[in-house]
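An overview of the molecular structure
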Amino acid sequence: MKTSGRTSAAGVVVGALALSAFAAPAAQAADTGITVSRVVVNGGKSVIVGTSEEKEPPITFRVTLPSGYTSADMSTWSARPFLYHGTTVAKGAESGGLRTGIYTCYPTTPRIADCEGSLYIDPRYDLDSNNDATTWKIGVLTQLWKPGGGLKAEQPVTASGTVKVKRWAKATVNASPEPVTKGRTITVTGSLKRADWVKHTYTGYAGKSVSLQFRKKGSSVYSTVKTATSSSTGALRTTAKASVDGYWRWSFGGSSTSGTATAAGDFVDVR
């Protein structure tokens, strides 16, 4: 439980949630009377997931409770955001969807709590299809509990807005020969790959436009020299003239299903 001079209540949600950033309007749960609003995930950015690394992007949201319930007592209520796609909100909640991890709620008024925490995504278990790299819908499972125990009401509802979950991409580069005579041609190769959530490895990303960039020694700025298209295996290859010492790299701007990727610069000594 977080301590900050404010009274707080901690809630633990079983499951995992993969969310891209969103700011969703209030979602009203008719059966429970709970309203969830001001939802913000990952600071406004997409969540991009690799093949094995666990991700824990931040989440914040506000909960407004019905009469007779207090924001300081989380033993009597809960509100759990989740993602779903290709089904109804009710079926998304039943199948688990992608859920929040641990969060803490701070009473703002007797019936309003502001909540914060982190999401938990393990691609080895929570993402089992590359089709999961798509736009997800937002749901909230709200629950009320009777004094002393026992579920009183439960209702999954849809919140406005959508969430993108993307596959992590990687780029590599190799420029040769090194060193090279001034004015001669160098060959720049490399690869563009992205996470495969079925094979749990990185596989070639074919048919994508990737920029070849150059940074002069002593400068901090890269400039695009030309573009190339990745092969069927994700391989990259092109040529360029070498005029001064500097660093060469490949840079990919991302897609609707995959994140950006930029290789570390490969230095070429021009003599």
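First things first, this report covers the structure right here in the doc. (Residues numbered from 1 in each chain as written. Predicted model: local features only at pLDDT ≥ 70, side-chain atom pairs only at ≥ 80, totals over all residues. Heavy atoms only, no water.)

**Quick word on unusual backbone geometry**
The general pattern is negative phi for most residues beyond glycine and trans for most peptide bonds. In the segment running from S176 into P177, the intervening peptide bond is cis, with an omega of 5°. Its place among the elements puts P177 in the loop between β12 (169-176) and β13 (185-196). In this chain, E178 is followed by P179 through a cis amide linkage whose omega measures -5°. If you trace the backbone, P179 turns up in the loop between β12 and β13. Unlike most non-glycine residues, R38 shows phi in positive territory, near 55°. Along the chain, R38 falls in strand β4 (residues 35-41). With phi around 60°, H200 is a residue other than glycine that occupies positive phi space. In this fold, H200 is placed in the loop between β13 and β14 (201-204). (Helix = DSSP H or I, 4+ residues; strand = E, 2+ residues; numbered from the N terminus.)

**Topic: the pattern of salt bridges**
Going through the model one piece at a time under the given rule, you end up with four salt bridges. Among the salt bridges present, the one from D114 reaches R62, with a minimum N-O distance of 2.7 Å. One end of the pair, D114, is in strand β9 (residues 112-119); the other, R62, is in strand β6 (residues 58-64), with 52 residues separating them in the sequence. Judged by its relative accessible area of 26%, D114 falls in the partly exposed class. Its relative accessible area of 15% is what places R62 among the buried residues. A salt bridge links D122 to R124; its shortest N-O distance comes to 3.0 Å. Residue classification places D122 among the buried positions, given a relative accessible area of 4%. A relative accessible area of 40% places R124 in the partly exposed class. Look at the salt bridges and you will find they share partners, linking E54, D122 and R124 into a network. (Salt bridge = Lys/Arg side-chain N within 4 Å of Asp/Glu carboxyl O. Buried < 20%, exposed > 50% of the residue type's maximum accessible area, 1.4 Å probe, protein only.)

Purely spatial values, then, with no claim about function.
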